[in-house]
Amino acid sequence: MRLIIKDDYDACADWCANYIAKKIKDFNPTEEKPFVIGLPTGSTPLGVYKKLIEFYREGLISFKNVVSFNMDEYVGLKEDDVQSYHYFMYTNFFNHIDIKKENIHILNGCAENLKEECRKYEEAIKAAGGINLFLGGAGGDGHIAFNEPGSSLSSRTRQKTLTDDTIKANSRFFDNDINKVPKTSLTVGIGTIMDAKKVVIMMSGAAKSRALQQVIEGSVSSMWPVTALQLHEGAIIVADEDCTGDLKVSTAKYFKSIESKVKDFDWK
C-alpha cells in the first residue's frame, strides 16, 4: 500500500486527477474494451472532477470509452432531487465531459425492489469486466462509501442504515437539518471495492487524521472499514499534511522518503 502525502487538498486532488488520466490514457480504451472506473460523491472528489474536466476541455483526455459505477445513493431520493447523488454527479462531472449516458451507472434509491437493484448492480460490474480503478474517500470514522464501522469486510452492494455521525456530517447538504437526511442508502460493499484492480482513497483535513492513522499504523478491523485496504495489493492513499497529525513522525518520514524516489509521471 502506498501513502502519498501532499501539502494540501488541492495538491491531493491534482495528483489523483493526473493519476486517473494517466491510467485511462495508458489503457487506451475502446468501445469493445472500455476503462471501468468507480466514483464517489461528496466534497472530497470535487477538486479531482474539476481537474479532469479541465483535461477534457483541453483535449487531453476523452471519457467516450469510459464506463462508470458510482459508490452509493440515498434511498428515497429521486434522480432529479438536488441532494441525490444522480444530481450531484451530473452537475459536478458528467454534464461537462463526453461520457456516454448509457455508460453511467448509479444505484436507484427509489427502485421497487432494492435488494434486486443491488444484485443487478453487482452483475453489471462483472459484465463490464470489473472495475479498473476505484476512486473514493474515507470518513473520520473510517467508513468507505456508506460502509459504516462494523460493516463486513467482504460485503457486497446492499442497503445500509446510516449512523448518527454520518447523518450529522451529511446534514450540511440538507440545510443543516438532520431530519431531512435519508436514514438509509444503497452502497457498494467493501468486497466490491476490494475487487477493483486499483483503489485510490483521498483523505484531507485533521478530522480524518485518526482514520488515516488506523489504516496506516493500525490493524485490519471492521470497526475501521478503510483498514481493509491493507489487504489490497493496488491500494493508494493520498493525504494532505493536516491529515497526518496522528501518524508517528517516523511513519510520515518513511512514506515521504519512498515517494521522493518515485519519478512524477508526465502523461500529457
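To be clear, the structure that these remarks concern was listed above.
Throughout what follows, the structure given in this document is the object of discussion. (Residues numbered from 1 in each chain as written. Predicted model: local features only at pLDDT ≥ 70, side-chain atom pairs only at ≥ 80, totals over all residues. Heavy atoms only, no water.)

**Structural notes on the packing of aromatic side chains**
Each pair of aromatic rings is reported with the distance of its centres and the angle of its planes. Applied cut-off: Pairs were defined over the aromatic rings of Phe, Tyr and Trp, the Trp ring being its six-membered one, requiring ring centres within 6.5 Å. Orientation was assigned from the angle between planes: stacked under 30 degrees, edge-to-face over 60, tilted for the rest. A run of DSSP states H or I qualifies as a helix once it reaches four residues; a run of E qualifies as a strand once it reaches two. Both are numbered from the N-terminal end. Three labels apply to residues, based on accessible area from a 1.4 Å probe with only protein chains included: buried if under 20% of the type maximum, exposed if over 50%, partly exposed otherwise in between.
Within this structure, the stated rule accounts for twelve aromatic pairs. Judged by centre distance (6.2 Å) and plane angle (15 degrees), the ring pair of Y85 and F146 falls under stacked. Of this pair, Y85 sits in helix α3 (residues 85-92) while F146 sits in the loop between β6 (133-137) and β7 (158-161), placing them 61 residues apart in sequence. Across the pair, exposure class does not vary: Y85 and F146 are buried alike. Centre to centre, the rings of F93 and F94 are 5.8 Å apart; their planes meet at 35 degrees, and the pair counts as tilted. Given a relative accessible area of 3%, F93 falls into the buried group. By relative accessible area, F94 is classed as buried at 4%. One aromatic cluster in this structure is built from Y49, F63, Y90, F93 and F94.

**Topic: unusual backbone geometry**
Across residues other than glycine, the phi torsion is negative in most instances, and most of the peptide bonds are trans. Of note in the backbone geometry, N28 takes a positive phi value of approximately 50 degrees without being a glycine. N28 sits in the exposed class, given a relative accessible area of 58%. Positive phi values are uncommon outside glycine, yet A145 reaches one of about 55 degrees. Here A145 shows up in the loop between β6 and β7.

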